[in-house]
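Chains, contacts and geometry: an overview
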Amino acid sequence: MSDPDQFRLQTREWLVANCPASMRGPAAPEAIYRGGRKGSFPSPDAQTWFERMLERGWTAPDWPEEFGGGGLDAKHTKVLREEMKALGCRVPLSGSGLWMLGPALLEFGTLEQQQQHLPKILRGEIRWCQGYSEPGAGSDLANLSCKAVQEGELLRINGTKIWTSGADQSDWIFCLVRTSDQGPKQSGITFLLIDMAQPGVTVKPIELISGDSEFCQTFFDDATAHIRNVIGGLNQGWAVAKRLLHYERALMSELSAVSAGPKLTPVDCALKFSAAGPEGTLDPVTRDRLARYQMDRMAMEHTRQQLFEASVSGVDTSNTQLILKICATELDQQRAELLLELMGMQGLGWEGEAFSEEELQLLRQWAYSKALTIAGGSSEVQLNVIARRALQLPTR
Ligand SMILES: Cc1cc2nc3c(=O)[nH]c(=O)nc-3n(C[C@H](O)[C@H](O)[C@H](O)COP(=O)(O)OP(=O)(O)OC[C@H]3O[C@@H](n4cnc5c(N)ncnc54)[C@H](O)[C@@H]3O)c2cc1C
């Protein structure tokens, strides 16, 4: 593999020449390409960008070339990400197949499973959703009761999953199902891949306060999956599930990946909405809050960078990642609160001509930010996990 400095120069040159101008800068959720049979490109530029990146294997730069990935090692992947960030290039493809299931398959899947699923994920052919939570099993995930019973080479699935993001747009679902009631709850769980295009699978969207409807409830009534779609072995799914959660939390600590809409910073916002007061300057309390936010934000960036360096050198960063997920999502909420306060009356608009599109989006972003400390495991439960696992504090 080429020298990282040389690779950086070549990558920068290629990105400048190939990333369309409209594919640079923050993207609204509807402008992100997520692939799948029901998906379409949000714009011709999005398609061009996706195709160019795919050709180089850079929709999944660090996956092996044999599956269509870029085959980059951690150092080169980091260089690519840094260069994309510096130019503001958007990811050409997003989704839980790419960020969560793919890495888990690379770790736990058989070669046959990897060959079947990985190329379709990185080519955007199949869109995946995550079937973990149930009405009676969220924080206490191991309590799940969606059942799969083996019948020869098939597993027959009955039960329901809730809060399944994007299920109505997805083709396949990776699910945790109960395959045994014997022993501890965790030891009767299987990680199963299920094709959603079958009569026994029904999806019902759930509307949110933000006005979006990204969640669904997913019902299984005698749906089936072939036994070859079990990942990590029958009743061995808990280890796969936990590892996948690690990828999910890592993703959530990458603020830019989860914050949709305008990327106005609190300082931008203060300048725009508050600085033109009678004195032309901000009051000391607001200035103090802004400075604190900026410092926390910078500390977060540095910590993330440090964590990445450590993981490249082979250090296990999973405990720190748990902490970072809490800090990053709470910081994102602080940002949303601060923005809204700085906007004053303009921050109160849900709809109507008195408010600009940007102002309306910021309010929706604020509403959505409430979900960040719940998705991927609520902050309260994360604190319990950190106390037990990372700090090894005694538990009752
Ligand atoms: C934006 C978003 C996207 C999501 N996408 C998906 C998805 O695609 N697939 C999927 O399967 N799930 C998804 N979820 C669901 C998510 O994983 C759950 O909401 C989360 O795990 C919490 O579970 P729950 O909602 O059942 O809350 P509960 O477990 O009922 O918790 C309710 C409250 O009680 C607190 N609590 C619970 N137990 C304890 C405890 N032991 N100590 C202290 N406090 C406790 C929690 O912190 C929380 O505040 C998503 C959630 C959100 C917000």
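Look a little higher up for the structure.
Residues numbered from 1 in each chain as written. Predicted model: local features only at pLDDT ≥ 70, side-chain atom pairs only at ≥ 80, totals over all residues. Heavy atoms only, no water.

**Notes on the packing of aromatic side chains**
How two aromatic rings sit relative to each other is set out by the distance from centre to centre and by the angle between their planes. Which entries qualify depends on this criterion: For Phe, Tyr and Trp, rings pair up if their centres lie within 6.5 Å, where Trp contributes its six-membered ring, and each pair is then called stacked (planes under 30 degrees apart), edge-to-face (over 60) or tilted (otherwise). The helix and strand labels rest on DSSP assignments: H or I over at least four residues marks a helix, E over at least two residues marks a strand, and numbering proceeds from the N terminus. Three labels apply to residues, based on accessible area from a 1.4 Å probe with only protein chains included: buried if under 20% of the type maximum, exposed if over 50%, partly exposed otherwise in between.
The tally for this structure, following the rule as stated, stands at 11 aromatic pairs. Geometrically, the ring pair formed by Trp 128 and Phe 174 is tilted, given 6.4 Å between the ring centres and 35 degrees between the ring planes. On the criterion of sequence distance, the pair formed by Trp 128 in strand S1 (residues 128-131) and Phe 174 in strand S4 (residues 172-178) is long-range, its members being 46 residues apart. According to the relative accessible area criterion, Trp 128 is buried, its value standing at 4%.

**Some thoughts on the environment of Asp 268**
In this fold, Asp 268 is placed in helix H8 (residues 266-274). In the structure, Asp 268 is positioned 189 residues away from Val 79 in sequence and 29 Å away in space, judged by C-alpha atoms.

**A short note on the site of the ligand**
Put simply, the rule reads: Only heavy atoms are used to decide nearness, and a residue is near a molecule or strand if one of them lies within 4 Å of it. Polar contact is defined as a pair of N or O atoms within 3.5 Å, subject to the rule that within protein one atom must be able to donate a hydrogen and the other to accept it, and that residues adjacent in sequence are counted only when both atoms are side-chain atoms. Here, Shrake-Rupley sampling with a 1.4 Å probe gives the accessible areas, and only protein chains in the shown set may cover a residue. For this classification, Asp, Glu, Lys and Arg are treated as charged, while Ala, Val, Leu, Ile, Met, Phe, Trp, Tyr, Cys and Pro are nonpolar and the rest, including Gly, are polar. These domain limits were set by an automatic method or by a database of domain assignments.
Inspection of the region around the ligand gives 18 residues, with Ser 133, Ser 139, Trp 163, Ser 378 and Glu 380 positioned closest. Between a nitrogen atom of the ligand and a main-chain N or O atom of Gln 130, the distance comes to 2.8 Å. Within the side chain of Ser 139, an N or O atom sits 2.6 Å from an oxygen atom of the ligand. When the free accessible area of the ligand is taken as 970 Å², the share hidden by the protein chains comes to 65%. Among the elements that line the shell around the ligand, the one with the most residues is helix H12 (residues 379-390), at three residues. Tallied by class, the residues present in the shell around the ligand amount to eight nonpolar, eight polar and two charged. Built from parts of two domains, the shell around the ligand gets at least three residues from each of domain 2 (128-236) and domain 3 (254-390).

**As for the pattern of salt bridges**
Our working definition: Think of a salt bridge as a Lys or Arg side-chain nitrogen and an Asp or Glu carboxyl oxygen that are within 4 Å of each other.
Per the counting criterion, the structure on display carries 18 salt bridges. Between Lys 78 and Glu 309 there is a salt bridge, and its shortest N-O distance comes to 3.0 Å. Taken together, the residues span a long stretch of sequence, with Lys 78 in helix H3 (residues 74-87) and Glu 309 in helix H9 (residues 284-312) at a distance of 231 residues. The exposure class of Lys 78 is buried, given its relative accessible area of 16%. Note on Glu 309: relative accessible area 38%, which makes it partly exposed. Among the ionic pairs, Arg 156 bridges to Glu 151, the shortest N-O distance being 3.0 Å. Judged by its relative accessible area of 26%, Arg 156 is partly exposed. Judged by relative accessible area, Glu 151 falls into the partly exposed class, the value being 40%.

Read these as layout, nothing more, since geometry by itself doesn't imply function.
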